[in-house]
Amino acid sequence: MSENFPPAAGGFGPGSRIGGYRLEEQIGQGGMAVVFRALDERLSRPVALKILAPALAADEAFRQRFIRESRAAAAVDDPHIIPVFEAGEASGVLFIAMRYVRGGDVRSLIVRDGALAPARVAAIVSPIASALDAAHAAGLVHRDVKPANMLLDVRPGRPSHVYLSDFGLTKEALGSVGLTSSGQFLGTVDYAAPEQVEGRPVDGRTDQYALGCAAFDMLCGEPPYRRDQGLAVLYAHLSEPPPLVTARRPGLPAGLDPVFARVLAKAPENRYPSCGAFSDALREALGLAPYDIESPVNRPLTEAAWVAAGAGAGLVAGAGP
């Protein structure tokens with residue numbers, strides 16, 4: 001996280017006020033937006049406030065589409081999509097206020113711990129797949145699925161919860177292609193589907209490919225096509241066959257290789273029919289029960305359940321989950 005505010009911040013910093021929100025701390029940034037932890041002074045609750053570059057607010061067509069798509073994203077009913085509280089314009093900038101999640105993101109988890117346990121990967125991928133399928137049913141495409149956009153809400157005394165954040169509304173408003181007129185790529189190269197790289201139309205299968213890359217990253221500690229330069233990564237997405245996950249992490253079930261070969265297929269029509277279908281195949285290859293949020297097998301354990309099972313001494317003692 002940088003201490004320097006990029007131009008997208010529009011000169012705003014901690015202590016500034018925008019549309020009833022008081023900025024407290026910068027928690028993220030990108031080329032077109034900055035994210036602050038802020039206080040909603042009307043309801044006295046913390047929020048994550050995404051502020052878009054001031055130049056974007058000057059574009060009337062962009063402003064109208066941003067508001068429309070923000071409302072569409074907020075209307076998607078899925079418990080694993082980050083709740084959107086408000087989207088609007090104030091102080092010369094466009095902003096979107098979302099739930100503030102305290103636990104960090106999956107990218108940070110990989111950086112800290114390296115490759116994750118297969119069961120934990122499945123526990124993250126399954127709810128994210130459910131969220132994406134809900135968004136796709138509503139006509140939305142995320143366009144930037146990656147571990148950094150998977151948030152972990154971890155609080156003492158209750159199960160952790162996975163959220164999908166940042167539906168790439170600015171990318172949608174700038175167009176459905178992967179490249180801008182100046183040749184700048186919109187998205188994250190490590191998780192970009194071939195059709196996105198080539199600037200072809202995208203749909204839910206594009207998000208599925210990115211989810212497959214993210215799952216590979218979680219299992220192996222690195223994305224499938226790790227190269228020194230971004231252009232080399234983009235070329236690999238277009239031309240190189242999917243690597244074997246078992247070659248990157250020996251000891252994983254051999255059944256995972258055909259699962260990743262399909263989810264990372266170059267042609268969208270050769271991938272799974274939905275993100276949920278990929279999640280199911282992943283779980284089956286790992287020998288896990290099908291994902292069902294009502295199933296006791298998949299429901300996260302509460303602290304009381306840990307104690308009852310005789311497995312929660314460390315958690316109760318404050319050692320953390």
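Residues numbered from 1 in each chain as written. Predicted model: local features only at pLDDT ≥ 70, side-chain atom pairs only at ≥ 80, totals over all residues. Heavy atoms only, no water.

## Quick look at the pattern of salt bridges
1) Next: For the structure shown, the criterion picks out 21 salt bridges.
2) Next: Salt-bridge contacts for Arg22 lead to Glu41; the nearest nitrogen and oxygen are separated by 3.1 Å. Note that Arg22 is positioned in strand β2 (residues 21–29) and Glu41 in the loop between β3 (33–40) and β4 (45–52), a separation of 19 residues in sequence.
3) Next: On the basis of relative accessible area, Arg22 is assigned to the partly exposed category, the value being 27%.
4) Next: The residue Glu86 makes a salt bridge to Arg42 at a minimum N-O spacing of 3.1 Å. Here Arg42 lies in the loop between β3 and β4 and Glu86 lies in strand β5 (residues 84–90), a separation of 44 residues in the sequence.
5) Next: Taken together, the shared-partner salt bridges in this structure form one network comprising Arg17, Arg22, Glu24, Glu25, Arg37 and Glu41. (Salt bridge = Lys/Arg side-chain N within 4 Å of Asp/Glu carboxyl O. Helix = DSSP H or I, 4+ residues; strand = E, 2+ residues; numbered from the N terminus. Buried < 20%, exposed > 50% of the residue type's maximum accessible area, 1.4 Å probe, protein only.)

## A closer look at helix α11 (residues 275–285)
Every α-helix winds through 3.6 residues per turn, so residues three or four apart in the chain are directed the same way.
1) Next: Most of α11 is tucked away, with eight of its eleven residues classed as buried.
2) Next: Along α11, the residues classified as buried are Cys275, Gly276, Phe278, Ser279, Ala281, Leu282, Arg283 and Ala285.
3) Next: Looking at the buried residues of α11, the elements they touch are α4 (118–137), α7 (204–220) and α10 (256–263).
4) Next: Following α11 by one or two positions, Gly287 has its phi on the positive side, about 75°. (Contact = heavy atoms within 4.5 Å.)

## Digging into the sheet that holds β2
1) Next: Strand order in this open sheet of six strands is β1-β2-β3-β4-β6-β5, and the pairing throughout is antiparallel. Sheet topology places β1 (17–18) and β5 at the edges, where each strand pairs with a single neighbour.
2) Next: When β1 meets β2, the two strands line up antiparallel, connected through two bridges. Counted as the bridge partner of Arg17 is Arg22 from β2.
3) Next: Along the sheet, helix α2 (residues 60–75) contacts β4, β5 and β6 (93–99); its crossing angle with β5, the most-contacted strand, is approximately 170°. (Pairing = 2+ DSSP bridges. Axes fitted to C-alpha atoms, helices over the stretch in contact; angles between N-to-C directions.)

## Section: the pairing of β6
1) Next: Burial of β6 is extensive: six of the seven residues sit out of reach of the surface.
2) Next: Pairing geometry for β4 and β6, over five bridges, is antiparallel. Paired with Val47 across the strands is Arg99, a residue of β6.
3) Next: Judged from the six bridges that link them, β5 and β6 form a sheet pairing that is antiparallel. Following the sheet pairing, Ala87 is matched in β6 by Ile96.
4) Next: In this antiparallel pair of consecutive strands, β5 and β6, the connection spans two residues, and Ser91 shows a positive phi of 55°.

## Observations concerning the side chain of Arg63
1) Next: Along the chain, Arg63 turns up in helix α2.
2) Next: Beyond its immediate sequence surroundings of up to four residues, Arg63 is in contact with Ala57, Ala58, Glu89 and Leu94.

## Regarding the packing of aromatic side chains
Centre-to-centre distance and the angle between the planes together describe a pair of aromatic rings.
1) Next: Applying the stated rule across the entire model yields five aromatic pairs.
2) Next: When the ring of Phe62 is compared with that of Phe66, the centres are 6.4 Å apart and the planes differ by 10°; the resulting orientation is stacked. Taken together, the residues span about one helical turn, with Phe62 and Phe66 both in helix α2 at a distance of four residues. Note on accessibility: Phe62 and Phe66 belong to one class, buried.
3) Next: With 6.2 Å between their ring centres and 75° between their planes, Phe260 and Phe278 make a pair best called edge-to-face. In this pair, Phe260 sits in helix α10 while Phe278 sits in helix α11, placing the two residues 18 residues apart along the sequence. As far as burial versus exposure is concerned, Phe260 and Phe278 are alike and both buried.
4) Next: Every member of this aromatic cluster is reached through a ring pair, and the members are Phe216, Phe260, Tyr272 and Phe278.
5) Next: Stacked on the ring of Tyr21, the Lys or Arg Arg42 has its end atom at 4.9 Å from the ring centre. (Phe/Tyr/Trp six-rings, centres within 6.5 Å; stacked < 30°, edge-to-face > 60°. Lys NZ or Arg CZ within 6 Å of the ring centre and 35° of its normal.)

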